[in-house]
Amino acid sequence: MTSLHFSRFARTVLMALLVAGAVPALAIDTERAFDDPALQARYETIGRELRCLVCQNQTIADSNATLAQDLRREVREMIAAGKTDDEIRTFMVDRYGDFVLYKPRMTPVNYLLWAAPVLLLLLGTFIGLRIIRKQAAQADTDGPEAGQS
Amino acid sequence: MLKFGVPLALALLLGVFLFVGLQRDPSYVPSPLIGKQAPEFTLPSLHDPAYPVASKELAGKAWVLNVWGTWCGGCRQEHDTLMAIARTGAVPLIGLNWKDDGAAAQQWLSALGNPYAVVASDPEGRVAIDWGVYGAPETFLIGPDGKVLFKHIAPMTMEVWTQEFLPRIQAANASMAPTGG
């Protein structure tokens, strides 16, 4: 009984600690890039959309590789120069290819990939329906035979 | 027969895709610059910062841009190959000293030999970004018309040089050679 109470208490404390510890992840920069919150938000959003190519499973907002630092600097300067988000993305894609984008764009090369879920769903539905119909038809014909034997 | 044949064929096809996927190097990112006009740059020379290295001046014949830094292990690995390539005189080797300390880079070249016709200094890495560089060493081949013909990502080897670079250099220079006369 006491052990149950204790474990409940321990769980509550642990939960409280975890919740307290779950502060929003801060950007890797030591200071804000922009005083204007809107620009800072754009900077952070774009940073999370661009891949750091030397540390491929990190975004440039997550990585402290020198290339990521340089790319963050480019993003910062382009935002400061009044470039739109699309212009910044295009700048990166022109240099590093579509792989630099964490959210892949739809291009003729990957139309099939984008369409695949729908196509597979249709194919699955088609096959499923055929099997169901076949079994239904079999059940119909099986009925009287089973009765005869 | 068909009942097993179709799933078997599909499984085999999937297997082929997965097998090919295993052979591919995920760290290799193909450059979107291939076939396009090479980004222009003007940077200070490593050995004499007052002397600018301008990519425009290289137009008219094929040239090679090798991205390196003293902090890069692969660059040390390929250095002897670059020296051997430079000795053949097939093409001018232009160095792009990326995010490096100028003094350390000069010391590296005087200790190990300098394969480059000229070295452009890019301590801030801005030109490297224009060229889509993401890891040294990287080696670009630029045609006489200023288009990027090929990019090799990894230390240069004689095999890559003779198989990928030399034929392209010969073809590119031949196409630009004055006809007749």
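Rules used in this analysis
Residues numbered from 1 in each chain as written. Chains lettered and ligands numbered in written order. Predicted model: local features only at pLDDT ≥ 70, side-chain atom pairs only at ≥ 80, totals over all residues. Heavy atoms only, no water. Phe/Tyr/Trp six-rings, centres within 6.5 Å; stacked < 30°, edge-to-face > 60°. Helix = DSSP H or I, 4+ residues; strand = E, 2+ residues; numbered from the N terminus. Lys NZ or Arg CZ within 6 Å of the ring centre and 35° of its normal. Contact = heavy atoms within 4.5 Å. Buried area = accessible area lost by both parts, 1.4 Å probe. Salt bridge = Lys/Arg side-chain N within 4 Å of Asp/Glu carboxyl O. Nonpolar A, V, L, I, M, F, W, Y, C, P; charged D, E, K, R; others polar. Buried < 20%, exposed > 50% of the residue type's maximum accessible area, 1.4 Å probe, protein only. Disulfide = S-S within 2.5 Å. Pairing = 2+ DSSP bridges. Patch = residues over 30% accessible without salt bridge, like charges linked within 9 Å, V, L, I, M, F, W, Y side chains within 5 Å. Areas by Shrake-Rupley, 256 points an atom, 1.4 Å probe, with all protein chains shown as cover. Axes fitted to C-alpha atoms, helices over the stretch in contact; angles between N-to-C directions.

**Student:** Hey, could you go over the packing of aromatic side chains for me, with residue numbers and the actual values?
**Tutor:** Applying the stated criterion across every chain, the model contains nine aromatic pairs over all chains. Relative to Trp131 of chain B, the ring of Phe41 of chain B lies with its centre 6.1 Å away and its plane at 65°, an arrangement referred to as edge-to-face. Taken together, the residues Phe41 of chain B in the loop between helix H1 (2–23) and strand S1 (42–44) and Trp131 of chain B in the loop between helix H4 (126–130) and strand S6 (138–142) connect sequence positions 90 residues apart. Just above the ring of Tyr102 of chain A sits the side chain of Arg51 of chain A; from NZ or CZ to the centre is 4.4 Å. Seen from the ring of Phe91 of chain A, Arg95 of chain A lies directly overhead, with NZ or CZ sitting 3.7 Å from the centre.

**Student:** Go over the interface of chain A and chain B, please, and point to the residues and values.
**Tutor:** At the interface, 17 residues of chain A touch 18 residues of chain B. Of the roughly 1300 Å² buried between chain A and chain B on both sides combined, carbon and sulfur atoms contribute 55%. Across the contact surface, chain A and chain B share four salt bridges. Taking the shortest distance from any N to any O, the salt bridge between Glu77 of chain A and Arg126 of chain B comes out at 2.8 Å. Elements represented by at least two residues in the side of chain A that touches chain B include exactly helix H3 (66–80) and helix H4 (85–96) of chain A. By residue number, the principal contributor to the side of chain A that touches chain B is H3 of chain A, which donates seven residues. Split by residue class, the side of chain A that touches chain B holds eight nonpolar, three polar and six charged.

**Student:** Explain the pattern of salt bridges residue by residue, including any values.
**Tutor:** Pairing between side chains becomes possible if they bear opposite charge and their charged atoms approach one another. A complete count under the given rule lists 13 salt bridges over all chains for this structure. Taking the shortest distance from any N to any O, the salt bridge between Arg126 of chain B and Glu74 of chain A comes out at 3.6 Å. Of this pair, Arg126 of chain B sits in helix H4 while Glu74 of chain A sits in helix H3, placing the two residues on different chains. The partly exposed category is assigned to Arg126 of chain B, whose relative accessible area is 30%. Look at the salt bridges and you will find they share partners, linking Asp70, Arg73, Glu74 and Glu77 of chain A together with Lys99, Glu124 and Arg126 of chain B into a network.

**Student:** Outline the state of the cysteines, listing residues and values.
**Tutor:** Enumeration over the complete set of coordinates arrives at two disulfides over all chains. Note that Cys52 of chain A is cross-linked by a disulfide to Cys55 of chain A, the S-S spacing being 2.3 Å. What sets the handedness of the Cys52 of chain A and Cys55 of chain A disulfide is the S-S torsion sign, and at about 85° it is right-handed. Classification of Cys52 of chain A by relative accessible area gives buried; the value is 0%. The exposure class assigned to Cys55 of chain A is buried, which follows from its relative accessible area of 18%. Across a sulfur-sulfur distance of 2.1 Å, Cys72 of chain B and Cys75 of chain B are joined as a disulfide pair. Where Cys72 of chain B bonds to Cys75 of chain B through sulfur, the torsion about that S-S bond is close to 90°, and the disulfide is right-handed. The exposure class assigned to Cys75 of chain B is buried, which follows from its relative accessible area of 2%.

**Student:** I'd love a proper account of the pairing of S6 of chain B, names of residues and values included.
**Tutor:** All names here are of chain B. The buried fraction of S6 is high, at five of five residues. The pairing of strand S3 (residues 63–68) with S6 spans five bridges and is antiparallel. For Leu65, the partnering residue across the bridge sits in S6 and is Phe140.

**Student:** An account of a nonpolar patch on the surface is needed here, citing residue identities and associated values.
**Tutor:** A contiguous nonpolar patch, built from Leu120, Leu123, Phe126, Ile127 and Ile131 of chain A and spanning about 500 Å² of accessible area, is present on the exposed surface. Residue placement: Leu123 of chain A occurs in helix H5 (residues 111–148).

**Student:** Outline unusual backbone geometry, listing residues and values.
**Tutor:** All names here are of chain B. Geometrically, the link from Ala136 to Pro137 is a cis peptide bond, its omega value of -5° lying close to zero. Structurally, the position occupied by Pro137 is in the loop between H4 and S6. Unlike most non-glycine residues, Ala154 shows phi in positive territory, near 145°. With respect to the helices, strands and loops of the structure, Ala154 is situated in the loop between strand S7 (148–153) and helix H5 (158–176).

**Student:** Hey, could you go over the side chain of Arg73 of chain A for me, with residue numbers and the actual values?
**Tutor:** Tracing the sequence through the fold places Arg73 of chain A in helix H3. Leaving out residues up to four positions away in the same chain, Arg73 of chain A has contacts with Glu124, Gly125, Arg126 and Ile129 of chain B.

**Student:** Can you lay out the sheet that holds strand S4 (residues 93–98) of chain B for me, pointing to particular residues and giving the numbers?
**Tutor:** Residues and elements named next belong to chain B. An order of S5-S4-S3-S6-S7 is seen for the five strands of this open sheet, with the pairing classed as mixed. Across the chains shown, the open sheet's two edge strands, defined by having one partner strand only, are strand S5 (118–122) and S7. With direction set aside, neighbouring strand axes in the sheet form an average angle of 20°. Inspection of the sheet shows S6 paired to S7 by five bridges, in the antiparallel sense. Bridge pairing in S7 places Phe140 opposite Lys151. Each of S3, S4 and S6 touches helix H2 (residues 73–88); the most contacted strand, S3, lies at about 160° to it. Along the sheet face, H5 touches S3, S6 and S7 and points at about 170° away from the line of S7.

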